[in-house]
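Read off the chains here:
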Amino acid sequence: MPEPTLPLIMGVLNVTPDSFSDGGRWFDPDAAIAHGLELVAQGADLVDVGGESTRPGAALVEPDEEIRRVVPVISELAGRGIRVSVDTMHAATAAAAVEAGADVINDVSAGLADTAMARIAASSGAYYVAMHWRGHLGVVDSHADYDDVAREVRDELFARVEALVEAGVARERLILDPGLGFSKRAPQNWELLGRLDELQSLGFPVLVGASRKRFLGAMLPEGAPVEERDLPTAVISVLAAQAGAWAVRVHDVTATRRALDVLGAWQSGSRG
Ligand code: PMM
């Protein structure tokens, strides 16, 4: 039997003034670099650097400004041997980030927001995370109508896979993400998690990004601070691991690292 493997931990580093859970904390490049190093010390396997908030209603950022935010941070972290992904929907930013040392492009629009992205992803040779996306989040829950959310997310992502491969992206470089919270209401997020195997059935590694999202806040007492979503996030990391996820994207790396260490110990205990 193959050894069970634990998912990679992708630590979130938002170099933005306005992300929903940590907006502004790491906007200064030195603070961002220090936080990236801290995420790795806490157990992150890769650091996801983003310069544009995807929160509903957030200001759109031009690629020039986004590049100015992320490239110095990526160069410094990658220069120290840290694996870095860039969280961007812009082809120009993805290209600059790969040039600076990023080896994963994390595109929440799966190439839909910028028609040049597929070509850049193909020519860069980077890994490419294609997340399920139905458009910019002008309003919360926009485009969230589904007959069967797990089937539609899988089919819509598969259509993106075909388009990306057609544009020259290597199949072996693709990673899929159900896009929790993006045009999905709370019950739809839970259904996607509970039916993760249907997305896995496409045969690509799957990344799960549940960290601190609103559907977790909805389970907590009203007005609970956003950090209280870190415990439910860590529980989801374990359940996603058991469902075979390739990676989890989280803000609180320590909690997920400890939770996955427990799962790892449990798994080796079960092998005697
Ligand atoms: N969620 C956010 C941003 N980027 N990328 C991927 N691949 N998957 C996600 O679920 C995802 C993402 C939400 O914003 P945050 O950085 O403020 O958590």
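As a starting point, this report considers the structure included with it.

What counts and what doesn't
Residues numbered from 1 in each chain as written. Predicted model: local features only at pLDDT ≥ 70, side-chain atom pairs only at ≥ 80, totals over all residues. Heavy atoms only, no water. Helix = DSSP H or I, 4+ residues; strand = E, 2+ residues; numbered from the N terminus. Buried < 20%, exposed > 50% of the residue type's maximum accessible area, 1.4 Å probe, protein only. Contact = heavy atoms within 4.5 Å. Near = heavy atom within 4 Å. Polar contact = N/O pair within 3.5 Å; in protein donor to acceptor, adjacent residues only side chain to side chain. Areas by Shrake-Rupley, 256 points an atom, 1.4 Å probe, with all protein chains shown as cover. Expected span 1.5 Å × (residues − 1). Axes fitted to C-alpha atoms, helices over the stretch in contact; angles between N-to-C directions. Parallel < 35°, antiparallel > 145°, perpendicular 65-115°, else oblique. Left-handed = near helix turned anticlockwise from the far one by under 90°. Nonpolar A, V, L, I, M, F, W, Y, C, P; charged D, E, K, R; others polar.

**Points about the environment of Ser 237**
By the element assignment, Ser 237 lies in helix 9 (residues 230-242). Overall, the relative accessible area of 1% leaves Ser 237 in the buried class. Ser 237 has contacts with Val 248, Val 250, Thr 256 and Leu 260, leaving out every residue within four places of it along the chain.

**Concerning the site of the ligand**
Lining the immediate surroundings of the ligand are 16 residues, of which Asp 87, Asn 106, Asp 177, Lys 213 and Arg 249 lie closest. In this structure, Asn 14 approaches the ligand through a side-chain N or O atom, which is 3.2 Å from an oxygen atom. At 3.3 Å, a side-chain N or O of Thr 54 approaches an oxygen atom of the ligand. Surface burial for the ligand is 96%, taken as the share of its 410 Å² of free accessible area covered by protein chains. Of all the elements in the fold, those that place two or more residues in the shell around the ligand are strand 1 (8-14) and strand 5 (127-131).

**Some thoughts on helix 9**
Spacing of three or four residues puts side chains on the same side of an α-helix, whose turn is 3.6 residues. In a regular helix each residue adds 1.5 Å, so 13 residues correspond to 18 Å; helix 9 covers 19 Å between its end C-alpha atoms and thus fits that length. Looking only at helix 9, the buried set comprises Asp 230, Pro 232, Thr 233, Ala 234, Ile 236, Ser 237, Val 238, Ala 240 and Ala 241. In this structure, the buried residues of helix 9 make contact with helix 6 (186-194), strand 7 (207-208), helix 8 (214-217), strand 8 (247-250) and helix 10 (253-270). Trailing helix 9 by a residue or two, Gly 244 shows a phi angle of about 95 degrees, which is positive.

**A closer look at the packing of helix 3 (residues 91-99) against helix 4 (residues 117-124)**
Close contact between helix 3 and helix 4 brings their axes to 8 Å; oriented N to C, the two are set at 15 degrees. It follows from the interaxial angle that helix 3 and helix 4 lie roughly parallel. Crossing hand, helix 3 versus helix 4: right-handed. Contacts between helix 3 and helix 4 pair Ala 91, Ala 94, Ala 95 and Val 98 from the former with Met 117, Ile 120 and Ser 124 from the latter. Partitioning the contact of helix 3 with helix 4 into residue classes produces six nonpolar, one polar and no charged.

**Focus: the environment of Val 49**
Looking at the secondary structure, you find Val 49 in strand 2 (residues 46-50). Remark: the alpha-carbon pair of Val 49 and Ile 33, spanning 16 residues in sequence, is separated by 9.9 Å. Those residues in contact with Val 49 that sit more than four places away from it in its chain are Leu 13, Val 15, Val 70, Val 73, Ile 74, Leu 77, Val 84, Ser 85, Val 86 and Asp 87.

**Here's the deal with unusual backbone geometry**
Positive phi, close to 50 degrees, is recorded for Ala 110, a residue that is not glycine. Inspection of the secondary structure puts Ala 110 in the loop between strand 4 (104-107) and helix 4. Of note in the backbone geometry, Ser 183 takes a positive phi value of approximately 55 degrees without being a glycine. Position of Ser 183 among the secondary structure elements: in the loop between strand 6 (174-177) and helix 6. By relative accessible area, which is 1% here, Ser 183 ends up buried.

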